[in-house]
Amino acid sequence: MRISPKPLAKIRKDVFYVAKEVVKKIKLQIPAGKATPAPPVGTVLGPAGINLQEFCTKYNDATRDKMGDVVPVEISVYEDRTFDFILKTPPAAELIKKHAKIKSGSKKGAHEIVATLSQEDVKAIAEIKLPDLNAYTVEDAMKIVEGTARNMGVAVKGVNDAELAKEAKEAEMAEKEAEKREAKLEAMEESAKDENVETEVITEKETEE
């Protein structure tokens, strides 16, 4: 009987990896697929000493499928000037504007409705934001998104659209009343100025002359 020789035992060498020290963490919000070494990216990352073109290339490759969104990124810079980064979900406000098809929210907050989202829109946004929110379910995430939308003057149909419409109407009426009071006050001030105008007094002596 032929006995096969035993394979030579492999010598195991323990390899120790020394973790590189992170010297700086930088957070940026950049349009997906559009990072360039120019400001503001270059202005922020330049002092960190990392290869700007390398970062831009890697970021753009990683976010190319999210074109049209603003994608936050957290960059870890190491002592040897190498780096890595983690992508975050787009800001809720940006997603709300995208779904509502508006360029900006209301300057008056919930006192002025600038757009209305459907509940399906809110759910879609909540599903995207869930990993970065302090929420365990999509339903909880939806409530957070609704709150953000409310502060932007964006209502959610069937949830708070009627309530916000009422608040906006009341705010509009209050603003008109304030304008009336201000106009009345200005008129009273002008009237007071007219009454305080000094009149020339002609004495009897001056009359004789």
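Here the structure is shown first, and the text comes after it.
Here we summarise the structure given alongside this text. (Residues numbered from 1 in each chain as written. Predicted model: local features only at pLDDT ≥ 70, side-chain atom pairs only at ≥ 80, totals over all residues. Heavy atoms only, no water.)

1. A closer look at helix H4 (residues 119-129)
Our working rule: Residue exposure (1.4 Å probe, protein chains only): buried if accessible area is under 20% of the type maximum, exposed if over 50%, otherwise partly exposed. Strands here mean DSSP runs of E at least two residues long; helices mean DSSP runs of H or I at least four residues long; both are numbered from the N terminus. In this description, the arc belongs to the directions extending from the helix axis to the C-beta atoms. Throughout, a contact is declared for two residues whenever any of their heavy atoms are within 4.5 Å.
Of the positions making up H4, those classed as buried are Val122, Ile125, Ala126 and Lys129. Mapping the buried residues of H4 onto a view down its axis gives an arc of 100°, with all of them on the same face. Elements that come into contact with the buried residues of H4 comprise helix H3 (92-100), strand S4 (115-117), helix H5 (138-151) and strand S5 (154-156).

2. A closer look at helix H2 (residues 52-63)
Operational definition: Expected span of a helix, by definition, is 1.5 Å for each gap between consecutive residues, and there is one gap fewer than residues. N or O atoms within 3.5 Å of each other form a polar contact, as long as, within protein, one can give a hydrogen and the other can take it, and as long as residues adjacent in sequence are counted only when both atoms are side-chain atoms.
An ideal rise of 1.5 Å per residue puts 16 Å on 12 residues; H2 measures up with 16 Å between its terminal C-alpha atoms. On the buried face of H2, the contacting elements are strand S1 (22-31), helix H1 (41-45), strand S2 (70-78) and strand S3 (83-87). N-capping of H2 is provided by asparagine 51, with a side-chain oxygen placed 3.2 Å from the backbone N of glutamine 53.

3. Side note on the packing of aromatic side chains
Filter applied, for reference: Planes of paired rings set the category: under 30 degrees apart is stacked, over 60 is edge-to-face and the rest tilted, where pairs are Phe, Tyr or Trp rings (Trp by its six-membered ring) whose centres lie within 6.5 Å. The criterion for a charge sitting over a ring is simple: Lys NZ or Arg CZ within 6 Å of the ring centre, and within 35 degrees of the ring normal.
With the rule as written, the count across this model stands at 3 aromatic pairs. A ring pair is formed by phenylalanine 55 and phenylalanine 85, whose centres lie 5.6 Å apart and whose planes are at 80°; its orientation type is edge-to-face. On the criterion of sequence distance, the pair formed by phenylalanine 55 in helix H2 and phenylalanine 85 in strand S3 is long-range, its members being 30 residues apart. Phenylalanine 55 sits in the buried class, given a relative accessible area of 0%. Members of the aromatic cluster, connected to one another through ring pairs, are Phe55, Tyr59, Phe83 and Phe85. Positioned above the aromatic ring of tyrosine 78 is the side chain of lysine 20, whose terminal nitrogen or guanidinium carbon lies 4.8 Å from the ring centre.

4. Here we look at unusual backbone geometry
Proline 40 follows proline 39 through a cis peptide bond whose omega is 5°. If you trace the backbone, proline 40 turns up in the loop between S1 and H1. A positive phi angle, near 70°, is found at arginine 81, a position not held by glycine. Along the chain, arginine 81 turns up in the loop between S2 and S3. Positive phi outside glycine occurs at lysine 101, with the angle close to 60°.

5. A word on the packing of H3 against H5
Stated formally: Under this scheme, a helix contributes an axis fitted over its contacting stretch, all axes are lines through C-alpha atoms, and angles between N-to-C directions fall in the 0 to 180 degree range. Any angle that is under 35 degrees is reported as roughly parallel, and any over 145 degrees as roughly antiparallel; angles of 65 to 115 degrees are reported as roughly perpendicular and all others as oblique. Charged means Asp, Glu, Lys or Arg here, nonpolar means Ala, Val, Leu, Ile, Met, Phe, Trp, Tyr, Cys or Pro, and polar covers whatever is left, Gly included.
Their axes nearest at 10 Å, the elements H3 and H5 cross at an angle of 75°. As summarised for this structure, H3 and H5 are arranged roughly perpendicular, according to the angle between their axes. Along the contact surface, H3 presents Ala92, Ala93 and Ile96, while H5 presents Val145, Thr148 and Ala149. Residues that form the contact of H3 with H5 fall into these classes: 5 nonpolar, 1 polar and no charged.

6. What to know about the sheet that holds S2
Convention followed: Strand pairing is defined by DSSP finding a minimum of two bridges between the two strands.
Ordered in space as S1-S2-S3, the 3 strands form an open sheet in which the pairing is antiparallel. The sheet is open, and its two edges are formed by S1 and S3, each paired on a single side. Here the average twist between neighbouring strands, direction ignored, is 25°. The pairing of S2 with S3 spans 5 bridges and is antiparallel.

7. Some words on the nonpolar core
Let me state the cut-off plainly: In plain words, nonpolar cores are sets of buried Ala, Val, Leu, Ile, Met, Phe, Trp, Tyr and Cys residues tied together by side-chain atoms within 4.5 Å.
Judged by nonpolar contacts, the single largest core of 18 residues is most densely connected at Ile96, Leu117, Val122, Ile125, Ala126, Val145 and Val154. A per-element tally of this core places H5 first, with 5 residues. Residue contacts for isoleucine 96: discarding those within four places in its chain leaves Leu117, Ile125, Val145, Thr148, Ala149, Met152 and Val154. Counting 17 residues, the second-largest nonpolar core is a separate cluster that includes Ile30, Ile50, Val73 and Ile75.

8. Side note on the pattern of salt bridges
Rules: For salt bridges, the criterion is a side-chain nitrogen of Lys or Arg within 4 Å of an Asp or Glu carboxyl oxygen.
Going through the model one piece at a time under the given rule, you end up with 8 salt bridges. Among the ionic pairs, aspartate 65 bridges to lysine 66, the shortest N-O distance being 3.5 Å. Using a relative accessible area of 66% as the deciding quantity, one classes aspartate 65 as exposed. Judged by relative accessible area, lysine 66 falls into the partly exposed class, the value being 31%. Its salt-bridge partner being arginine 150, residue glutamate 163 comes within 3.2 Å of it at the nearest N-O pair. Within this pair, whereas glutamate 163 is found in helix H6 (residues 161-195), its partner arginine 150 is found in helix H5, the two being separated by 13 residues in sequence.

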